[in-house]
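One letter stands for each residue in the lines below.
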Protein chains: 2
Amino acid sequence: MRGAQAYTLADLIRENARRFPLRTAVVCGSERLTFPELRDASMRAASALRDCGVGEGDRVAWFAQNCHRYLEALFGSAALGATFVPLNWRSSSAELIRLLGDAAPKVVISQRREIGDVIHAARATGAASQATWIDLDDDGPNGLPSRLAAADADDPGVDVDDEGCAVRMYTAAFEGAPKGAQLTHRGLLAQNLAQIIAQGLTPDDGYLNTGPLFHIAGTMFLFAHLHVGGKNVMLPRVEGEETARLIHEERVTSAMILPPSIPDVVEAARNHGYDLSSLRTPGMTGTPEFEEWTRMTSRSKGIPAGYGQTEASGLVTLNLLAPEGTGAHGLTSHVAQLRIVDPEGHDVPAGQTGEIAVRGPLVMLGYAGDAPEGSRLRGWRLCNDLGRREADGTITFIGPKTELIKSAAENIYPTEVEIVLRAHDKVRDACVIGVPDPVWGQSVKAVVEPVRGEQPTADQLIAWCRERIASYKKPRFVDIVDSLPRTSAGGVDRDAVKAQHGGGGTVGAGSSRAEPLAVPSSDDR
Amino acid sequence: MRGAQAYTLADLIRENARRFPLRTAVVCGSERLTFPELRDASMRAASALRDCGVGEGDRVAWFAQNCHRYLEALFGSAALGATFVPLNWRSSSAELIRLLGDAAPKVVISQRREIGDVIHAARATGAASQATWIDLDDDGPNGLPSRLAAADADDPGVDVDDEGCAVRMYTAAFEGAPKGAQLTHRGLLAQNLAQIIAQGLTPDDGYLNTGPLFHIAGTMFLFAHLHVGGKNVMLPRVEGEETARLIHEERVTSAMILPPSIPDVVEAARNHGYDLSSLRTPGMTGTPEFEEWTRMTSRSKGIPAGYGQTEASGLVTLNLLAPEGTGAHGLTSHVAQLRIVDPEGHDVPAGQTGEIAVRGPLVMLGYAGDAPEGSRLRGWRLCNDLGRREADGTITFIGPKTELIKSAAENIYPTEVEIVLRAHDKVRDACVIGVPDPVWGQSVKAVVEPVRGEQPTADQLIAWCRERIASYKKPRFVDIVDSLPRTSAGGVDRDAVKAQHGGGGTVGAGSSRAEPLAVPSSDDR
């Protein structure tokens, strides 16, 4: 809707400036912005973007790390009816070129200081060369700080459709290339309300943004805290002392800190006397550091988790709504509808596995550039994931219908890695599988059949992949085989490869109590 | 929206049947329906309504007391894309005829047993004679029970626009006749989420519906409890023993019981040993019964209240979101936007009074039959109410811009009563004002200037009104005067009438901590 019934992302920042005139909205390094200050900064960003030609339906790309400017650019873009496109800053140059070619942004906000080499290559190429590139840290007249300082803070007053696309978020590839899920204002705001209810958030809550903001997992929690009038604290990466200091000084109540990072945070808190008691965690056991962490922090109801996907604006089921429920992934949220269906689209009985289908405002408008989705189930999104409804109505996510490797919370589609390997001139064919990893859930293993007479080494192939795709997608292990097992139809028999080469650790395949739609707190892997 | 992004009222009942297969949705006398049973009954109601010719955009009127059938008819109507129109069963025949003429329903569900005389007259007249009348209690083949039993429970599968009108609710007249506010699926569901957050509702909550369901005040809480998976208990009117018994047996957690009814409930609980401890109330003092009530019940955070109006799907600000805030009526809810503006539509500074304007999904589509509202403030609904934003962002409602009498929670517009009085052939002119009433806030007083030489009595004029408008709108007091005070322009000087005849008790004019958008628990006044 437009007009008097509308509620857009820009309306949220306008309203929160009215509702919470005295509260801090965001903290980033030495910058602190109240809600009115964030509103004014967002309207200045809107003016600066409009001066670059951005209007309704245009794209504004963000290729930089966590920063309060992310919020200003996002709300500024929303105020113009444009689409904000946060890109994975761990992408290779080749990937970035492909993403920018797909997004065709009018403006790219980037960060040469951190990720200069990748940008240098991408900037000169294809569609991206048409865009206005604005550097986040450049103090010169074309850098973001100067442009914002020169822009006026008047509200552009554009009447934006709240069912239009506010954010385009690229998801891991099903078919060898990421696709841009088009998420609406209405869907993102509905997700906020679902999170506020499940987590019991209030304006006194504060969220430490350690996860990358190009994934729905992190932004979902950021937006929910912002919506309720809480405080967001920005941190580009988890570093023990800085994390502990911010929790102490900002009275952070929630943060995504994965187990490998915990000992450093505990040590910093111990050494500097930082008080972590504002932080709510479920508590951990197993090592002295985990037990100290548990003593230092307060108890939460549990980590907010459930079943979800980027294409549904994040979580669709919520563990915290049904902590005593049978299903491992909780109850369908108050803003979503969920069915478990057979291949003909009929509901399967409770206790039986079927495909998960969702409906409601959370559902994306479709992938950018695709024709509107023709679903086998009219009026529903079929999620390509398998699940089961329990007798008490709660949901258990079983696993993806399509083969998927999950390393920490990164989705790695084998097809994408296989395409890169097959492009190597010593490789005849390749099959990529997930193998269990004690820290990250799964690691990537490539089983490679060389061209006859060639003997590629594991190091060669890993380096080949690293140059072409994000580092976390490259194989960690490579097995060279004479020939891959094949099905009678001649295709690679993936199940046989997994059985012979140690495949396993697939997400949702049984035990995990709740599958966090979470991001790793460190990219050091 | 339609299709995969849609979430309608009918979708809510479908989804809750999936999410809460084992939970009780509604209790009404000896009837108990789980969520799947309520879904099936609602789909049967849809079939029965379709058999009467009801389709998308048609109206289904409800003129009966609180009953589980209300929910079935409402969700059945929603599943067809029709509009459900709950009518005030305290209307006179003349009022009912006018309402039915405006609504032009395809079907009227009525209740001869309780309100037979009024129906008898209305049924034969005008537009209403074209409708199919279905009696709620008639056991014959044309009664509601037989029609529902004969209908099939298959989902009609209509793809309904969730921004279309789901419920038309008539509000007290600004200009002498009630107008039908057209409320959307999306707006009503958004209100539910706001209430779930403010009240902290869970599936273990139960609501006792004592208030009439033709007012947004009652339905707002009914729907919120239904949305979260809680239980609704139906009760046509507050009667001490039945109220106490239902609280005890159904573990009711919330109910709208006004102070005059409390002594009877306390006595029944005492005499029969009913346990009222599940009920959350703010506690009361002042009489031994109130103190016993406080001991018998559990403490709540406070009565959910705030500023709102039917045209905005209920409450727009919520006291429970800011119990410590400066403003008497709390904080703007998480699904609404609110501004305080001057006559030119510019924001007035904090601390100054202006007109309240609202925006977002809660806002009605407009009054039925009116041209789309041309607002002085583009993209906002101007509420015709005065308010103030405090320095901390919270809101205080000052009072209506238009003159209004509030008796309990019924809105009585003087204009409407004056029109009736002037139609009496002994009355030359009349001015109707509110005077303070220790129980109901205000009572209605008419100051009447007779036709020269005539001497109407108070009893005559009260009886005249009772025949023509709802009993609660009739004057309780009548002063006969030689001539009404006039302004220099010749109109009646309402302020002078109030000063001379004891006017006062106007809502919002100062002290009340929170103005409940609440309905009286008894119609015995």
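Heads up: the structure comes first, above all this text.
Residues numbered from 1 in each chain as written. Chains lettered and ligands numbered in written order. Predicted model: local features only at pLDDT ≥ 70, side-chain atom pairs only at ≥ 80, totals over all residues. Heavy atoms only, no water.

Engineer: How would you explain the packing of aromatic side chains if you had to name every residue and give the values?
Structural biologist: On inspection of all chains with the given rule, the structure shows 14 aromatic pairs over all chains. Between the aromatic rings of A:Tyr207 and A:Phe221, the centroid separation amounts to 6.1 Å while the plane-to-plane angle is 70 degrees, which identifies the pairing as edge-to-face. Placement of A:Tyr207 in strand 9 (residues 206-209) and of A:Phe221 in helix 8 (residues 216-227) is noted, with a sequence separation of 14 residues between them. The two residues A:Tyr207 and A:Phe221 agree in class, both being buried. Ring centres 5.7 Å apart and planes at 45 degrees place the aromatic pair B:Phe20 and B:Phe35 in the tilted group. Taken together, the residues B:Phe20 in the loop between helix 1 (9-19) and strand 1 (24-28) and B:Phe35 in helix 2 (residues 35-51) connect sequence positions 15 residues apart. In terms of burial, B:Phe20 and B:Phe35 fall into one category: buried. Among the aromatic residues, ring-to-ring pairing joins A:Trp62, A:Tyr70 and A:Phe84 into one connected group. The residue whose ring lies beneath A:Arg339 is A:Trp380, and the NZ or CZ to ring-centre distance is 5.1 Å. Here B:Arg468 stacks its cationic end above the ring of B:Trp464, 3.4 Å away from the centre of that ring. (Phe/Tyr/Trp six-rings, centres within 6.5 Å; stacked < 30°, edge-to-face > 60°. Helix = DSSP H or I, 4+ residues; strand = E, 2+ residues; numbered from the N terminus. Buried < 20%, exposed > 50% of the residue type's maximum accessible area, 1.4 Å probe, protein only. Lys NZ or Arg CZ within 6 Å of the ring centre and 35° of its normal.)

Engineer: Pulling in residues and values, what's your account of the sheet that holds strand 26 (residues 477-480) of chain A?
Structural biologist: Residues and elements named next belong to chain A. Read across the open sheet, the three strands follow the order 24-25-26; overall the sheet is mixed. Sheet topology places strand 24 (427-437) and strand 26 at the edges, where each strand pairs with a single neighbour. Averaged over neighbouring strand pairs, the angle between their axes works out to 25 degrees when direction is ignored. Examined bridge by bridge, strand 25 (residues 441-450) and strand 26 share four bridges and lie parallel to one another. Pairing of Ala 446 across the sheet is with Val 478, part of strand 26. Those strands touched by helix 12 (residues 414-422) are strand 24 and strand 25, and its axis lies near 140 degrees from that of strand 24. Running over the sheet, helix 13 (residues 458-468) touches strand 24, strand 25 and strand 26 and is turned about 130 degrees from strand 26. (Pairing = 2+ DSSP bridges. Axes fitted to C-alpha atoms, helices over the stretch in contact; angles between N-to-C directions. Contact = heavy atoms within 4.5 Å.)

Engineer: Which residues make up the interface of chain B and chain A, and what values go with them?
Structural biologist: Counting residues at the interface gives 46 residues for chain B, matched by 46 residues for chain A. Taking both sides of the interface into account, the surface hidden between chain B and chain A amounts to around 3900 Å²; carbon and sulfur atoms contribute 53%. In this structure, the connection of chain B to chain A is made through six salt bridges. Here B:Arg186 makes a salt bridge to A:Glu163, at a shortest N to O gap of 4.0 Å. Across the chain B-chain A interface, the total number found is 26 residue pairs in polar contact (both at pLDDT 80 or more). Secondary-structure elements contributing two or more residues to the side of chain B that touches chain A are helix 1, helix 7 (185-199), helix 8 (216-228), strand 17 (331-332), strand 18 (337-341) and strand 20 (381-389) of chain B. (Buried area = accessible area lost by both parts, 1.4 Å probe. Salt bridge = Lys/Arg side-chain N within 4 Å of Asp/Glu carboxyl O. Polar contact = N/O pair within 3.5 Å; in protein donor to acceptor, adjacent residues only side chain to side chain.)

Engineer: Any details on the relation of the copies chain B and chain A? Residues and values, ideally.
Structural biologist: Mapping chain B onto chain A leaves a residual RMSD of 0.1 Å; the transformation is a rotation of 180 degrees accompanied by 0.0 Å of translation along its axis. Put plainly, the chains are arranged around a two-fold axis. Residue B:Ile197, judged by its C-alpha, is the member of chain B lying nearest the rotation axis, at 2.9 Å. (Least-squares fit on C-alpha atoms with pLDDT ≥ 70 in both.)

Engineer: Could you give me a rundown of the pattern of salt bridges, with the residues and numbers involved?
Structural biologist: Residue and element names in this part refer to chain A. Going through the model one piece at a time under the given rule, you end up with 72 salt bridges over all chains. The residue Arg 39 makes a salt bridge to Asp 40 at a minimum N-O spacing of 3.0 Å. Residue Arg 39 is classed as partly exposed on the basis of its relative accessible area of 26%. One salt bridge connects Arg 280 with Asp 205, and the closest N-O pair in it is separated by 3.0 Å. Here the residue Arg 280 occupies a position in strand 12 (residues 280-281), and Asp 205 occupies one in the loop between helix 7 (185-199) and strand 9, the gap between them amounting to 75 residues. By relative accessible area, which is 6% here, Asp 205 ends up buried.

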